[in-house]
Amino acid sequence: GSYRLTGFEAVTIHKSINQLADVATVALPASVYNTPQRAEALVRRGDRVRIELGYNGDNRLEFSGYVRALSINTPLTIECEDEMWLFRRAVPDALLK
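If you're wondering where the values come from, they're calculated on a predicted model, not measured in any experiment.

1. Section: the environment of Arg-4
When you line up the elements, Arg-4 lands in the segment before strand S1 (10–14). A C-alpha to C-alpha distance of 9.8 Å links Arg-4 and Val-43, two positions 39 residues apart in sequence.

Here is the structure:
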């Protein structure tokens, strides 16, 4: 989607040659500057995700993928998976001649 986070509680990125897919988890606080976050209403499963991290405005792309799952507990967590998520989607049946 086009939702841009204004604050987060924690970001965990797991990249390993021992795993087939890279996974990222973003934990969001319940509110930012006394304004409740409504990310669960704006972020959907399958939305494209780009995680850029850095200091003093010098950000680097650390993770690119798709939203795999949302947990609406406090803190709200967004689980993301790299391009391997595309292989988990259902394939429509087709008859090829």
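2. Looking at the pairing of strand S5 (residues 48–55)
The pairing of S5 with strand S6 (residues 58–71) spans eight bridges and is antiparallel. Across the sheet, Glu-52 pairs through a bridge with Leu-61, a residue of S6. From the end of S5 to the start of S6, which pair antiparallel, there are two residues, and Asn-56 there has a positive phi angle of about 55°.

3. Let's talk about a nonpolar patch on the surface
There is a patch of nonpolar side chains on the surface, built from Tyr-3, Leu-5, Phe-8, Leu-42 and Leu-53 and spanning about 420 Å² of accessible area. Judged by its relative accessible area of 46%, Phe-8 is partly exposed.

Cut-off values and rules
- Residues numbered from 1 in each chain as written.
- Predicted model: local features only at pLDDT ≥ 70, side-chain atom pairs only at ≥ 80, totals over all residues.
- Heavy atoms only, no water.
- Helix = DSSP H or I, 4+ residues; strand = E, 2+ residues; numbered from the N terminus.
- Pairing = 2+ DSSP bridges.
- Patch = residues over 30% accessible without salt bridge, like charges linked within 9 Å, V, L, I, M, F, W, Y side chains within 5 Å.
- Areas by Shrake-Rupley, 256 points an atom, 1.4 Å probe, with all protein chains shown as cover.
- Salt bridge = Lys/Arg side-chain N within 4 Å of Asp/Glu carboxyl O.
- Buried < 20%, exposed > 50% of the residue type's maximum accessible area, 1.4 Å probe, protein only.

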